Amino acid sequence: MQQSMKRCFASISLLWLVAMVMMAQQSSDPYVIQFEEAQDKIEYQMTIQFKNAMVSGILVLKRDEEGNMRGTMMNEFGISGMNFIVSGDRRKVSLVSVMPKMNKWYIRKVIKGDLKYLFSSTRSHLGQNYKKRRIELSDGGEIILKNLKYHHSYQIRSLNEQQ
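Since we're looking at a predicted model, the values are computed, not measured. (Residues numbered from 1 in each chain as written. Predicted model: local features only at pLDDT ≥ 70, side-chain atom pairs only at ≥ 80, totals over all residues. Heavy atoms only, no water.)

Colleague: Even after reading the chapter, I still don't get the pairing of strand β5 (residues 93-98), so can you show me in this structure?
Modeller: Every regular strand shows the same layout, with side chains that alternate between the two sheet faces. Both strand β4 (residues 80-86) and β5 contribute to a ladder of five bridges, which runs antiparallel. Residue pairing across strands places Asn83 opposite Ser97, the latter belonging to β5. (Pairing = 2+ DSSP bridges. Helix = DSSP H or I, 4+ residues; strand = E, 2+ residues; numbered from the N terminus.)

Next up, the structure:
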């Protein structure tokens, strides 16, 4: 009985140690899309390339009172293409609205998954495939998310750094 308790305690201690190491790695690994507490909003140039179509515009991210990120992609004329909310812990994405041509349940589902991966990705995810998605960082600082299953991509470049 005493030996089994020792083994159990050793197992729990080992699991706790592994969990602490993983948490330390996650906290030191910065997100690909960073949103600092001091920033009011971030602006990006964003292009979504589908097989037969392309959507481009400006992506504006703002933090709300609850700590969530609210995002809007609009074209250069100010017409909204999509609105979404990313939870503060970056584990949930809600699509609030999508332009009519993309407002189909199956398209919304794919876009939601892509945005979730985009905002939750850390630098350690760069160049790795995960759930048929791949995120890369170009030499010019452009973030590229490729959906390998449906063959479309997102290209994001910061407008804050260009000014």
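And the narrative resumes.
Colleague: In this structure, what is going on with the packing of aromatic side chains? I would like to understand it.
Modeller: Remark: the centre distance and the inter-plane angle together describe each pair of aromatic rings, the angle taken between the planes. Evaluation of the coordinates by the stated rule reveals three aromatic pairs. Ring geometry for Trp105 and Tyr106: centres 5.6 Å apart, planes at 90 degrees, overall edge-to-face. Trp105 gets classed as exposed once you look at its relative accessible area, which sits at 66%. Using a relative accessible area of 45% as the deciding quantity, one classes Tyr106 as partly exposed. Seen from the ring of Tyr31, Arg90 lies directly overhead, with NZ or CZ sitting 3.9 Å from the centre. (Phe/Tyr/Trp six-rings, centres within 6.5 Å; stacked < 30°, edge-to-face > 60°. Buried < 20%, exposed > 50% of the residue type's maximum accessible area, 1.4 Å probe, protein only. Lys NZ or Arg CZ within 6 Å of the ring centre and 35° of its normal.)

Colleague: I keep staring at the side chain of Thr47 and nothing clicks. Help me out?
Modeller: Structurally, Thr47 can be placed in strand β1 (residues 41-49). Non-local contacts of Thr47, meaning those with residues more than four positions away in its chain, are made with Met54, Val55, Ser56, Ser153, Tyr154 and Gln155. (Contact = heavy atoms within 4.5 Å.)

Colleague: Can you walk me through the sheet that holds strand β7 (residues 133-137) in this structure?
Modeller: One key point about sheets: their strands pair by backbone hydrogen bonds, in either a parallel or an antiparallel sense. With antiparallel pairing, the nine strands of this open sheet are ordered in space as β5-β4-β3-β2-β1-β9-β8-β7-β6. Each edge of the open sheet is held by one strand with a lone partner, namely β5 and β6 (129-130). As paired elements, strand β3 (residues 69-74) and β4 share six bridges and run antiparallel to each other. Pairing of Met74 across the sheet is with Ser80, part of β4. Against the sheet, helix α2 (residues 105-120) contacts β2 (54-63), β3, β4, β5, β6, β7, β8 (143-147) and β9 (152-158), and its axis sits at roughly 130 degrees relative to β5. (Axes fitted to C-alpha atoms, helices over the stretch in contact; angles between N-to-C directions.)

Colleague: Just to check I follow, could you spell out the pattern of salt bridges for this structure?
Modeller: When charged atoms on two side chains of opposite charge get close, those side chains can pair. Tallied over the entire structure, the rule returns six salt bridges. Through salt bridges with shared partners, a single network forms among Arg134, Glu136 and Lys146. (Salt bridge = Lys/Arg side-chain N within 4 Å of Asp/Glu carboxyl O.)

Colleague: Just to check I follow, could you spell out the nonpolar core for this structure?
Modeller: Nonpolar side chains in soluble globular proteins generally cluster together in the buried interior. Membership of the largest hydrophobic core comes to 29 residues, with the highest contact counts inside it found for Ile33, Leu61, Met82, Phe84, Leu115, Leu118 and Phe119. When contributions to this core are tallied by element, the ones reaching two or more residues are β1, β2, β3, β4, β5, α2, β8 and β9. Once residues lying within four places of it in the same chain are set aside, the contact partners of Met82 are Ile48, Gly71, Thr72, Met73, Leu95, Ser97, Val98, Ile111 and Leu115. (Core = buried A, V, L, I, M, F, W, Y, C linked by side-chain atoms within 4.5 Å.)

Colleague: Where do I start with the pairing of β8 in this structure?
Modeller: Most of β8 is tucked away, with four of its five residues classed as buried. Looking at chain direction, β7 and β8 are connected through five bridges and run antiparallel. Following the sheet pairing, Leu137 is matched in β8 by Ile143. Counting the residues that bridge the hairpin from β7 to β8 gives five residues, and of these Gly141 lies at a positive phi of roughly 90 degrees. Two elements, β8 and β9, share five bridges in a ladder whose sense is antiparallel. Bridge pairing in β9 links Asn147 to His152.

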